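Spelled out, the chains give:
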There are 2 protein chains.
Amino acid sequence: MKIAIVLFARFTALDAVGPYETLGRLPDAELTFVAERTGPVRSDTGRLALTADKALSELTDPDVVVVPGGPGQSAQMENEVLLDWLRTADTTSTWTTSVCTGSLLLAAAGLLDGRRATSHWLARDTLKQFGAEPTGERVVVDGKYVTAAGVSSGIDMGLTLVGTIAGDDHAQAVQLLTEYDPQPPYDAGSPEKAPAHLVEKFRAESRFILE
Amino acid sequence: MKIAIVLFARFTALDAVGPYETLGRLPDAELTFVAERTGPVRSDTGRLALTADKALSELTDPDVVVVPGGPGQSAQMENEVLLDWLRTADTTSTWTTSVCTGSLLLAAAGLLDGRRATSHWLARDTLKQFGAEPTGERVVVDGKYVTAAGVSSGIDMGLTLVGTIAGDDHAQAVQLLTEYDPQPPYDAGSPEKAPAHLVEKFRAESRFILE
């Protein structure tokens, strides 16, 4: 099973690494990080580079497509090389997926028209402008399109997809090996739960995430 | 605040990226991925490379040290270059931390003698052989030594440390921005919760993790 995780400048690293660490443990996973050009691709903080092992043009028929988000997403919204690749990959994919603002790229490519989808909480409403129907769920499955909420939600999406593809037993094995028994020291992981002043602050500054 | 995350061949990517995504969002974070040599370092699956931007010798006085684990840890247990670096860095660090089997490297460097610590559930007992006192908690703080359980627990450790260093408000902001509101589709993330046959299988095959 060919899995392609897309990288672009200023992506958010955990968006990509959550699905990598889960989907990459499918029994027959052949996972590849891809980007417009091969080589290191810097994340949003500038402090981490992941290597793209193949160019988009070298892997056009993945079974699973994963598109992360991050502040660099907005610069990609009119990148026809990437959008064309997404459309092409989608014609043969079994699953087309995203984490965080990666769903805006799927939507910009025209792949989420009329579909239920999600994104980072700050970007969820923006999905509407591109024809999708945003929902408040953490992982949204609509046909073969699977979108996840912000950053860390890619782990939940990855495990969900591992269960669907390889069965509950395998997904539980992956959860056990990655010791995914989350115990956050705070309960502030969604706008409904976080202190209101933080939610307001980030809504006011949402360019921080979206540009 | 200088944060050094150590890479070595066949590390587990999420072990490193969880703390990166949280600690890297400290107000004055100057985060650097380090390894014996600069350049790409391959993770345990062989499918992902993270770039080490500095050699260990170029960054010897971090404020925060983060040591991930992974199958490659065992090959490092007698790597005196790495162990010496850990001992040196520890003389000036404010926090010396690990995720997963990274704690075995801290222990091998003699830094966890008599201290409470944790590791991946399959490696927890091995900590005893190196003088530490293993506990079943997900994040263990003993003085300036902070050790986390397997793989995904580095996110919880990172948030805990962000709260201690920068305050609850900042940690909650990081949790909200990374939308860390975990909703795993299964409840199998610890040996106490997972199906017994999986726990037994991995205990029998524990070389998979530890070598």
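On a predicted model such as this, the values are computed, not experimentally measured, just so you know.

**Student:** Looking at this structure, I do not really get the packing of helix α7 (residues 168-177) of chain A against helix α8 (residues 196-204) of chain B. What am I missing?
**Tutor:** When two helices pack together, their arrangement is given by the angle between the helix axes and the distance between those axes. Close contact between α7(A) and α8(B) brings their axes to 10 Å; oriented N to C, the two are set at 55 degrees. Taken together, the axis directions place α7(A) and α8(B) in an arrangement best described as oblique. Note on packing geometry: the crossing formed by α7(A) with α8(B) is right-handed. Contact residues: α7(A) offers D169(A), Q172(A), A173(A), L176(A) and L177(A), while α8(B) offers H197(B), L198(B), V199(B) and F202(B). Grouping the amino acids of the contact of α7(A) with α8(B) by side-chain chemistry returns six nonpolar, two polar and one charged.

**Student:** Help me understand the relation of the copies chain A and chain B, please; the structure alone is not making it clear to me.
**Tutor:** Laying chain A over chain B is done by rotating through 180 degrees and shifting 0.0 Å along the axis; what remains is an RMSD of 0.0 Å. Such values leave the two copies arranged in the relation of a two-fold axis. Residues of chain A ranked by C-alpha distance from the rotation axis are headed by L50(A), positioned 2.3 Å from it. Interface overlap between copies is the fraction of interface residues in one copy that are interface residues in the other; for chain A against chain B it reaches 100%, indicating a shared surface.

**Student:** Can you walk me through the UniProt feature "domain: DJ-1/PfpI" (unreviewed entry) in chain A in this structure?
**Tutor:** The UniProt entry lists residues 1-162 of chain A under the feature "domain: DJ-1/PfpI" (unreviewed entry), expressed in the numbering used here. Helix makes up 30% of residues 1-162 of chain A and strand 26%. Its end C-alpha atoms lie 12 Å apart.

**Student:** Would you mind showing me how to read the interface of chain A and chain B here?
**Tutor:** Often the size quoted for an interface is simply the accessible area lost on bringing the parts together. Counting from both sides, the interface comprises 68 residues of chain A and, opposite them, 68 residues of chain B. Of the roughly 5900 Å² buried where chain A meets chain B, counting both sides, 58% is carbon and sulfur surface. By the criterion of area lost to chain B, the three top residues of chain A are L176(A), E179(A) and Y186(A), representing 14% of everything that side buries. Here chain A is connected to chain B by eight salt bridges.

**Student:** Just to check I follow, could you spell out the pattern of salt bridges for this structure?
**Tutor:** A side chain with one charge can pair with a side chain of the opposite charge if their charged atoms come near. Enumeration over the complete set of coordinates arrives at 26 salt bridges over all chains. Between D44(A) and R25(B) there is a salt bridge; the shortest N-O distance is 3.3 Å. Residue D44(A) is found in the loop between β3 (39-42) and β4 (49-52), and its partner R25(B) is found in the loop between α1 (13-23) and β2 (30-35); the two belong to separate chains. Given a relative accessible area of 16%, D44(A) falls into the buried group. In this structure, a network of salt bridges that share partners links the residues E21(A), R25(A) and D44(B).

**Student:** I'm lost on the sheet that holds strand β11 (residues 145-148) of chain B in this one. Help?
**Tutor:** Sheet strands pair via backbone hydrogen bonds, and the direction of the pair is either parallel or antiparallel. Residue and element names in this part refer to chain B. Taken in spatial order, the seven strands make up an open sheet running β5-β2-β1-β6-β7-β11-β10, and their pairing is mixed. In the strand order of this sheet, the two ends are held by β5 (54-55) and β10 (139-142), each with one partner. Pairing of strand β7 (residues 95-99) with β11 involves four bridges; the strand directions are parallel. What sits directly across from V99, in β11, is A148. Each of β1 (2-6), β2, β6 (64-67), β7 and β11 is contacted by helix α3 (residues 80-92), which is oriented at about 150 degrees to β6, the strand it contacts most.

**Student:** Quick question: what am I supposed to make of the side chain of S103(A) here?
**Tutor:** Residues and elements named next belong to chain A. Looking at where S103 falls in the secondary structure, it is placed in helix α4 (residues 102-108). Judged by relative accessible area, which is 0%, S103 ranks as buried. A distance of 2.8 Å separates a polar atom in the side chain of S103 from the backbone oxygen of T118. Beyond its immediate chain neighbours, meaning those up to four positions away, S103 contacts S98, L112, T118, S119, L127 and T147.

**Student:** I keep staring at the side chain of T96(A) and nothing clicks. Help me out?
**Tutor:** All names here are of chain A. With respect to the element layout, T96 can be found in strand β7 (residues 95-99). There is a polar contact of 2.7 Å between the side chain of T96 and the side chain of S93. The residues contacting T96, other than those within four sequence positions of it, are V65, D90, L106, L111, K144, Y145 and V146.

**Student:** Please explain the sheet that holds strand β11 (residues 145-148) of chain A as it appears in this structure.
**Tutor:** All names here are of chain A. Read from one edge of the open sheet, seven strands run β5-β2-β1-β6-β7-β11-β10, paired in mixed fashion. Either end of the sheet is taken by a strand with one partner, and the two such strands are β5 (54-55) and β10 (139-142). Two strands pair when backbone bridges link them, and β10 and β11 are joined in this way by four bridges, in the antiparallel orientation. Directly across from V139, in β11, lies its bridge partner A148.

The rules behind these values
Residues numbered from 1 in each chain as written. Chains lettered and ligands numbered in written order. Predicted model: local features only at pLDDT ≥ 70, side-chain atom pairs only at ≥ 80, totals over all residues. Heavy atoms only, no water. Axes fitted to C-alpha atoms, helices over the stretch in contact; angles between N-to-C directions. Helix = DSSP H or I, 4+ residues; strand = E, 2+ residues; numbered from the N terminus. Parallel < 35°, antiparallel > 145°, perpendicular 65-115°, else oblique. Left-handed = near helix turned anticlockwise from the far one by under 90°. Contact = heavy atoms within 4.5 Å. Nonpolar A, V, L, I, M, F, W, Y, C, P; charged D, E, K, R; others polar. Least-squares fit on C-alpha atoms with pLDDT ≥ 70 in both. UniProt positions renumbered as here; feature names shortened; annotations may be inferred. Buried area = accessible area lost by both parts, 1.4 Å probe. Salt bridge = Lys/Arg side-chain N within 4 Å of Asp/Glu carboxyl O. Buried < 20%, exposed > 50% of the residue type's maximum accessible area, 1.4 Å probe, protein only. Pairing = 2+ DSSP bridges. Polar contact = N/O pair within 3.5 Å; in protein donor to acceptor, adjacent residues only side chain to side chain.

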